[in-house]
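# Reading the structure
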Amino acid sequence: VYGIADSIHLINRYYEELDKGLSKREALLVIIRHMGVACFMTSFTTTVGFLSLYTASIKIIKTFGLFSGIGIFIAYLVTILLIPILLSLRPVPKRKWKEHKGDDAIERIMVYVGRLNEKHPKILISLGILLFAGSALLCTRVNIESYILQELTEDNPIVQANEIMEKEMTGIFPYQIQISTGREGLALEPDFLARVDELESFVASQPWIRKSLSIVDILKEMHQAMNGGDPGFYRLPETRELVAQYLLLYGMSGNQEDLDVLITPDGSYMRIASQGVDMGSHNYFKLKRRTEEKAASLFEPPTSYRVTGRSLLATRALSNIVRDMLVSFFSAYGIIFVAVSLLYRSVKAGLITMIPNVIPLVVTIGFMGLFGITLRLSTVVIFAVCLGMAVDDTIHYLTRFREELGRTGDYVLSMYTTLRTAGRAIVLTTSIMIAGFLVFLSSDFKATQDFGLLTSVALTSSMLGSLIFLPAALNVLKPWKLEDLPIQPGHEPS
């Protein structure tokens, strides 16, 4: 999907140069000379976006970022070498660019966009600010949330099986609390066990927990059984000696392994093992905080406690990865800003370049907030990827605009020429990429669906930013002085 973009820009420029009367060889030299750097920068920025994923902790994400970045750069090398060779082997087309000039719907739209930018640049900038502000407001509605099975559709057999497990049984989500008494044998004291019982009852009362088990439950059941099954004796034994006798009897009955996972032989460590539904990372940390607050009210030093288990590790890892992805995203943003500033030899131009690339990212997050799409592992990856892809349109536009400005010395005239030439290619390449990513909506994997949808939203808003807000910003801010631009021989400014 991505690799075809540079090819379209090269071929579009080739036909444009032929229309000016250049020979095939001259036209090919122009596209290599002028488009080679632009295509290199677009491939470089996209590669940076993908390679930023290499900072992730999950191997599949690292591999995805590494090989996607390498693949895109190889695609650039193949394109810049192969397209000119293939064009040189075929004859000059009889139907030239000029035969369709002015009759093309895309070109008519570009001319209209140029008029808007010429007459109302400040209004367009204001609309861009309003779009940014509105999207930023919607961004506040985005939740950072991770569920174990959230990437599967509701009709997936695994999801349906999990629903049955949660409804009819105890669920698949372990939630465990480890308690260190700080003193050997303290876990056998009835008073201490009563506080453990209170903590377990608190955890069991939470809406996400379906079942909870600790040494307290075993002692209650044994106490009841040893008193003729009387429900009135379903309580903790009154003395330490009775507790020790019950545990010894339970172990001798062949169930020692059941005890070993709930209490250590010396009575210094014990565990509350709960099972519940997939509550999501937000609710998990909410429950963890409540549990720790309750435990703090029940136990004093040297007794300590902590929520533990595989579910904590998984939930914490997902949350950390989301944070790592955001950090890598902003790092990639900084690298791209520096690279673009060096390319155009202007910090102001670098800042202007970032304007149409901040908008699509904020718009995409706002879109997520509007439609309730959570910020999770599979969606946060999109932003590192889309940053590199969104900046491509801007680079192609600015490269051609700067070239035309060096020829004409006129910002408005350069804008019209750039919109009719590079703008046309931007519309074509972006439309093709959007169509390619929308195919992902047919996937049964929710992560793939969201990736296709959000990438399409980002690319659409990026195209609008590059063709509407960027020209307006250039017309108002004018980042280059004419004397600082390289003038092409034979193309002195008018």
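Moving on, we come to the overall build of the protein chain. A tally of regular secondary structure across the protein chain gives 15 helices and four strands. The C-alpha atoms of the protein chain give 32 Å as radius of gyration, which overshoots the globular expectation for 494 residues (23 Å, by more than 25%). A principal-axis box enclosing the C-alpha atoms of the protein chain has dimensions of 105 × 45 × 35 Å. Taking all 494 residues of the protein chain together, the buried fraction comes to 50%. Contacts in the protein chain between residues far apart in sequence, at least 24 positions, make up 78% of those at least 6 positions apart. Of the roughly 23,500 Å² of accessible surface on the protein chain, 63% is carried by carbon and sulfur atoms. Distance from the positive charge centre (47 side chains) to the negative charge centre (47 side chains) of the protein chain: 12 Å.

Take the packing of helix H1 (residues 4-19) against helix H3 (residues 59-89) next. Look at H1 against H3: their axes get within 10 Å of each other, and the N-to-C directions meet at 35°. The chirality of how H1 crosses H3 is right-handed. Between H1, through Asp6, Ser7, Leu10, Ile11 and Tyr14, and H3, the contact on the second element is made entirely by Tyr76, Thr79, Ile80, Ile83 and Leu87. Across the contact of H1 with H3, the residue classes tally to seven nonpolar, two polar and one charged.

Once that is clear, we can look at the confidence of the model for the protein chain. Detailed reading of the predicted coordinates is not advisable wherever pLDDT is low. Per-residue pLDDT for the protein chain averages 84, and the proportion of residues at 70 or more is 92%. Within the protein chain, helix H7 (residues 190-204) carries the highest mean pLDDT (94), whereas helix H11 (residues 310-344) carries the lowest (72).

Bringing a negative patch on the surface into the picture now. On the surface, Glu154, Asp155, Glu163 and Asp444 cluster together to form a negatively charged patch. Among the secondary structure elements, Glu163 is positioned in helix H6 (residues 157-168).

This paragraph deals with the packing of aromatic side chains. A full pass over the atoms with the stated rule returns 17 aromatic pairs. Plain terms: the ring middles of Phe437 and Phe451 are 5.8 Å apart, the flat faces sit at 65° to each other, and that makes the pair edge-to-face. A residue pair is termed long-range when its members are at least 10 positions apart, and Phe437 in helix H14 (residues 411-438) and Phe451 in helix H15 (residues 446-477) qualify at 14 residues. Look at Phe451 and you get buried, because its relative accessible area is 14%. Ring pairing ties together the aromatic residues Phe40, Phe44, Phe73 and Tyr76, which thus form one cluster.

Attention now goes to the pattern of salt bridges. Applying the stated criterion to the full structure yields 16 salt bridges. Measuring nitrogen to oxygen at the nearest pair gives 3.2 Å for the salt bridge that ties Asp191 to Arg195. In this pair, Asp191 and Arg195 both sit in helix H7, four residues apart, roughly one turn of the helix. Owing to a relative accessible area of 52%, Asp191 belongs among the exposed residues under this scheme. Look at Arg195 and you get partly exposed, because its relative accessible area is 26%. Of the charged contacts, one joins Lys294 and Glu198 as a salt bridge, the two residues approaching to 3.1 Å between their closest N and O atoms.

If you trace the backbone, Asn475 turns up in helix H15. Residue class for Asn475 comes out buried when judged on its relative accessible area of 9%. Sequence spacing of Asn475 and Glu118 is 357 residues, and the spatial spacing of their C-alpha atoms is 7.7 Å.

For the rest of this paragraph, the subject is the packing of H7 against helix H10 (residues 280-298). Look at H7 against H10: their axes get within 10 Å of each other, and the N-to-C directions meet at 160°. Accordingly, the angle class assigned to the pair H7 and H10 is roughly antiparallel. The chirality of how H7 crosses H10 is right-handed. Counting all contacts with H7, which are made through Arg195, Glu198, Leu199, Phe202 and Val203, the residues of H10 involved are Arg290, Thr291, Lys294, Ala295 and Leu298. Taken together, the residues of the contact of H7 with H10 sort by class into five nonpolar, one polar and four charged.

To continue, consider the side chain of Thr291. In this structure, Thr291 sits in helix H10. Polar contacts involving the side chain of Thr291 include one to the main-chain carbonyl oxygen of Leu287, which spans 2.8 Å.

Turning to the environment of Ser443, a few remarks are in order. Locating Ser443 in the fold gives a position in the loop between H14 and H15. In the structure, Ser443 is positioned 290 residues away from Thr153 in sequence and 9.5 Å away in space, judged by C-alpha atoms. Reaching out from Ser443, the side chain makes a polar contact with the backbone nitrogen of Phe445 at a distance of 2.9 Å.

Rules and cut-offs
Residues numbered from 1 in each chain as written. Predicted model: local features only at pLDDT ≥ 70, side-chain atom pairs only at ≥ 80, totals over all residues. Heavy atoms only, no water. Helix = DSSP H or I, 4+ residues; strand = E, 2+ residues; numbered from the N terminus. Rg over C-alpha atoms; globule rule 2.2 N^0.38 Å. Buried < 20%, exposed > 50% of the residue type's maximum accessible area, 1.4 Å probe, protein only. Contact = heavy atoms within 4.5 Å. Areas by Shrake-Rupley, 256 points an atom, 1.4 Å probe, with all protein chains shown as cover. Lys, Arg positive; Asp, Glu negative; His and termini not counted. Charge placed at Lys NZ, Arg CZ, Asp CG, Glu CD. Axes fitted to C-alpha atoms, helices over the stretch in contact; angles between N-to-C directions. Left-handed = near helix turned anticlockwise from the far one by under 90°. Nonpolar A, V, L, I, M, F, W, Y, C, P; charged D, E, K, R; others polar. pLDDT = per-residue confidence, 0-100. Patch = residues over 30% accessible without salt bridge, like charges linked within 9 Å, V, L, I, M, F, W, Y side chains within 5 Å. Salt bridge = Lys/Arg side-chain N within 4 Å of Asp/Glu carboxyl O. Phe/Tyr/Trp six-rings, centres within 6.5 Å; stacked < 30°, edge-to-face > 60°. Parallel < 35°, antiparallel > 145°, perpendicular 65-115°, else oblique. Polar contact = N/O pair within 3.5 Å; in protein donor to acceptor, adjacent residues only side chain to side chain.

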